[in-house]
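An overview of the molecular structure
The primary structure of each chain is shown beneath.
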Amino acid sequence: MKKITIITGASSGMGAEFASQLFNEYEFASDKKSAAQNREIWLIARSNEKLLQTAEKILSSKSPDSPAKTKIRTFSLDLTGTPGVYKFDGLLKSEAANEDFEVECLINNAGFGTYGPFDETSSEKELAMIELNCTALTGICSCVLKYLNSGSQIINVSSLAAFMPLGNFAVYAATKAYVLSFTVALAAELEPKGIKVCALCPGSVSTNFANVASNGKRKEVLHGRDPVKVVRHCLKKAKKGKKIILTFPKWKFLSFASRFAGKFTVAKLTYKFAKRPH
Ligand SMILES: NC(=O)c1ccc[n+]([C@@H]2O[C@H](COP(=O)([O-])OP(=O)(O)OC[C@H]3O[C@@H](n4cnc5c(N)ncnc54)[C@H](OP(=O)(O)O)[C@@H]3O)[C@@H](O)[C@H]2O)c1
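Report on the accompanying structure.

Parameters and conventions
- Residues numbered from 1 in each chain as written.
- Predicted model: local features only at pLDDT ≥ 70, side-chain atom pairs only at ≥ 80, totals over all residues.
- Heavy atoms only, no water.
- Core = buried A, V, L, I, M, F, W, Y, C linked by side-chain atoms within 4.5 Å.
- Buried < 20%, exposed > 50% of the residue type's maximum accessible area, 1.4 Å probe, protein only.
- Helix = DSSP H or I, 4+ residues; strand = E, 2+ residues; numbered from the N terminus.
- Contact = heavy atoms within 4.5 Å.
- Patch = residues over 30% accessible without salt bridge, like charges linked within 9 Å, V, L, I, M, F, W, Y side chains within 5 Å.
- Areas by Shrake-Rupley, 256 points an atom, 1.4 Å probe, with all protein chains shown as cover.
- Salt bridge = Lys/Arg side-chain N within 4 Å of Asp/Glu carboxyl O.
- Lys, Arg positive; Asp, Glu negative; His and termini not counted.
- Charge placed at Lys NZ, Arg CZ, Asp CG, Glu CD.
- Polar contact = N/O pair within 3.5 Å; in protein donor to acceptor, adjacent residues only side chain to side chain.
- Near = heavy atom within 4 Å.
- Nonpolar A, V, L, I, M, F, W, Y, C, P; charged D, E, K, R; others polar.
- Axes fitted to C-alpha atoms, helices over the stretch in contact; angles between N-to-C directions.
- Parallel < 35°, antiparallel > 145°, perpendicular 65-115°, else oblique.
- Expected span 1.5 Å × (residues − 1).
- Left-handed = near helix turned anticlockwise from the far one by under 90°.
- Phe/Tyr/Trp six-rings, centres within 6.5 Å; stacked < 30°, edge-to-face > 60°.
- Lys NZ or Arg CZ within 6 Å of the ring centre and 35° of its normal.

The biggest cluster of nonpolar side chains holds 46 residues, and the ones touching the most others in it are I6, I44, L79, F88, L92, L106 and I154. Where this core is concerned, the elements lending two or more residues are strand 1 (2–8), strand 2 (39–45), helix 4 (81–98), strand 4 (101–108), helix 5 (123–144), helix 6 (170–190) and helix 7 (209–213). If sequence neighbours within four positions are ignored, I44 has contacts with I6, I7, T8, G9, A10, L51, F75, L77, L79, F88 and L91. Core analysis: the next-biggest nonpolar cluster, separate from the first, contains 36 residues, C105, L200, V205 and F248 among them.

Together, R225, K229, R232 and K250 make up a positively charged patch on the protein surface. Mapped onto the fold, K250 is located in helix 9 (residues 249–257). Residue classification places K250 among the exposed positions, given a relative accessible area of 55%.

With that out of the way, let us pick up the side chain of E126. Summarising the element assignment, E126 is placed in helix 5. In this structure the side chain of E126 is engaged in a polar contact, spanning 2.5 Å, whose partner is the side chain of T121.

Around the ligand lies a shell of 29 residues, among which S11, S12, R46, Y172 and T207 are the nearest. At 3.1 Å from an oxygen atom of the ligand is found a main-chain nitrogen or oxygen belonging to G9. For the ligand, an oxygen atom lies 2.7 Å from a polar atom in the side chain of Y172. Of all the secondary structure elements, the ones that give two or more residues to the shell around the ligand are helix 1 (13–27) and helix 6. Here the residues of the shell around the ligand are counted per class, giving 12 nonpolar, 14 polar and three charged.

Close contact between helix 5 and helix 6 brings their axes to 9 Å; oriented N to C, the two are set at 10 degrees. Comparing their axes, helix 6 and helix 5 come out roughly parallel. Counted together, E126, M129, I130, N133, C134, L137, T138 and C141 of helix 5 and V171, Y172, T175, K176, Y178, V179, F182 and L186 of helix 6 form the full contact between these two elements. Split by residue class, the contact of helix 5 with helix 6 holds 11 nonpolar, three polar and two charged.

This part covers unusual backbone geometry. A positive phi angle, near 70 degrees, is found at N168, a position not held by glycine. Among the structural elements, N168 can be located in the loop between strand 5 (153–157) and helix 6. A positive phi is found at H223, a non-glycine position, where the angle reads about 55 degrees. With respect to the element layout, H223 can be found in the loop between helix 7 and helix 8 (227–239).

This next bit is on helix 8. Along an α-helix, a turn takes 3.6 residues, which lines up residues three or four apart on a common side. Here helix 8 contains 13 residues, and its C-alpha end-to-end distance of 18 Å stays within 8% of the 18 Å for a straight helix at 1.5 Å per residue. N-capping of helix 8 is provided by D226, with a side-chain oxygen placed 3.0 Å from the backbone N of V228. Just downstream of helix 8 lies G241, where phi reads positive at about 90 degrees.

The subject of this paragraph is the packing of helix 4 against helix 5. Across the interface, helix 4 lies against helix 5 with an axial gap of 9 Å and an inter-helix angle of 30 degrees. Relative to helix 5, the element helix 4 is oriented roughly parallel. Where helix 4 crosses over helix 5, the two elements pack in a sense that is right-handed. Residue-level inspection shows G81, T82, V85, F88, D89 and L92 of helix 4 in contact with helix 5, the latter providing E131, L132, T135, A136, G139, I140, C143 and V144.

For the rest of this paragraph, the subject is the packing of aromatic side chains. For the coordinates displayed, the defined rule picks out 11 aromatic pairs. Here the aromatic residues W42, F75, F101 and Y147 are joined through ring pairs into a cluster of three or more. Its end group placed over the ring of F248, R225 keeps NZ or CZ at 3.7 Å from the ring centre. Here the basic side chain of K275 rests over the ring of Y271, its NZ or CZ set 4.8 Å away from the ring centre.

What follows is the structure, given as structure tokens:
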């Protein structure tokens, strides 16, 4: 049966990196059974042009005399909210009408943040963020359930921001706390079926995140870490069945320390000192 890997938010940043690393893993698998699988990677985001560029870049690692066995397909979809989930569900259903498949791996990575105090940010953008970071992620998990088998994997991208309420990042941190809580509970429910579920909780990573969160006023994520390392570590730990993935010692320390810090104190301190352009 065909095995599909679905990556949302695959047109840039960590999503594109997940696609690239999984493609290489599938193409260069040393295990003969794994190498013989009929696989597809689905890249989903809004920008068709960026998706095609990502796919082209990934496929360029293959030489013409050894064409790729893994097919890469791109789908330009706005996943926001219930309408986004219906579009995604329609995609799965139309595929299922043509051919049997299982979802080998789902990476719910599409998401964005907003910098700034709540009373100065656009409520339209905050609500769209909840609709993408929480509603779409939940709906997508629900839609894929019937296509998962023992051995399938779900990776939901949360954030280090999930561990504490953060001033100047209030709604974003709340959405990622939702993702973390939902993911760990889902991991417990799906474990008896042999399905691994985990939450990736990155701190700052060098992607387009800051550009979107600051409405173009900050181009780079400050002190951003290399997405290649974050994704490599995540895929390794996810396979081992880790439920909450924190890449670097500093991120592990901060998530641990959050257990002892007062929630209001952290929110107040970040409101006072963690100012970002918005
Ligand atoms: N970078 C960080 O410091 C950091 C830290 C912690 C967690 N995260 C999380 O990591 C995930 C990936 O973000 P990133 O850092 O890689 O940022 P990014 O480079 O901005 O990537 C975000 C991806 O989401 C897609 N996307 C945005 N809105 C969408 C929509 N409505 N429908 C479908 N796709 C949509 C974007 O593509 P289109 O614009 O083409 O749709 C893009 O592919 C997010 O969930 C983010 O919250 C990031």
